[in-house]
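A look at the structure
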Amino acid sequence: MYPLSRRAFLASAPVAVERVLKGAGEDLSVATFHFNVTPPLGAPLCLGGVKAAAEIVDRLSARGIILFAAGQAPIVLCAVDWVAISNEGHDEWRQKLGAAAGTPADRVVEH
């Protein structure tokens, strides 16, 4: 059994982040980003498990934050509105996001 339920963790996470940010003082800054990742019409969707898109109803996005701490390479956290990004595609996302933020791929997390 986990010490915290998922609901308890989610309820406490904003408080924990706020404590970290307050404790960091001037040494921590945060930037956000948001961009369109809607596949083009006709592209395979859901790993090819569903029919290709014939129209765009809702655009898909990638959203994230970049954490900058004094004396350390930035950390990039990115959530992508796709079913999955895996293998070489996952590696490429991390490399490109890292390059854009000026940090190595091993400091990039893509969800």
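Okay, so let's go over this structure.

**A few points about the pairing of strand β3 (residues 75-80)**
Only one face of β3 is buried, namely the one carrying Val 76, Cys 78 and Val 80, since none of Ile 75, Leu 77 and Ala 79 on the opposite face is buried. Direction of pairing for strand β2 (residues 61-69) relative to β3: antiparallel, over a ladder of six bridges. Among the inter-strand pairings, Ala 62 is bridged to a residue of β3, identified as Val 80. Hairpin connection from β2 to β3: five residues lie between these consecutive antiparallel strands, with Gly 71 at a positive phi of about 80°. Of the strand pairs in this sheet, β3 and strand β4 (residues 108-110) are connected by three bridges, and their pairing is parallel. For Val 76, the partnering residue across the bridge sits in β4 and is Val 108. For the segment spanning β3, helix α2 (residues 87-101) and β4, crossover handedness is right-handed.

**Thoughts on the layout of surface pockets**
In this model, the largest pocket occupies a volume close to 440 Å³. As for the largest pocket, its lining consists of 18 residues, of which Pro 39, Pro 44, Leu 45, Cys 46 and Leu 60 are closest to the centre. Broken down by class, the residue content of the lining of the largest pocket amounts to 13 nonpolar, two polar and three charged.

**As for the packing of aromatic side chains**
For the coordinates displayed, the defined rule picks out three aromatic pairs. Taking the centre distance of 5.9 Å and the plane angle of 20° together, the rings of Phe 33 and Phe 35 count as stacked. Take Phe 33: its relative accessible area is 18%, and that puts it in the buried class. Taken together, the aromatic side chains of Phe 33, Phe 35, Trp 82 and Trp 93 make up a single cluster linked through ring pairs.

**Considering the sheet that holds β4**
Strand order in the open sheet formed by four strands is β1-β2-β3-β4, and the pairing between neighbours is mixed. Of all strands in the sheet, those with a lone pairing partner are β1 (28-36) and β4, marking the two edges. Neighbour-to-neighbour, the strand axes of the sheet open up by a mean angle of 15°, direction not taken into account. Those strands touched by α2 are β1, β2, β3 and β4, and its axis lies near 135° from that of β4.

What counts as what
Residues numbered from 1 in each chain as written. Predicted model: local features only at pLDDT ≥ 70, side-chain atom pairs only at ≥ 80, totals over all residues. Heavy atoms only, no water. Buried < 20%, exposed > 50% of the residue type's maximum accessible area, 1.4 Å probe, protein only. Helix = DSSP H or I, 4+ residues; strand = E, 2+ residues; numbered from the N terminus. Pairing = 2+ DSSP bridges. Right-handed = clockwise from strand over helix to strand, strands pointing away. 1 Å grid on protein atoms, 1.4 Å probe; cavity = no way out; pocket = protein on both sides within 12 Å on 5 of 7 lines; lining within 4 Å. Points joined across faces, edges and corners; volume = space filled by probe spheres on them. Nonpolar A, V, L, I, M, F, W, Y, C, P; charged D, E, K, R; others polar. Phe/Tyr/Trp six-rings, centres within 6.5 Å; stacked < 30°, edge-to-face > 60°. Axes fitted to C-alpha atoms, helices over the stretch in contact; angles between N-to-C directions. Contact = heavy atoms within 4.5 Å.

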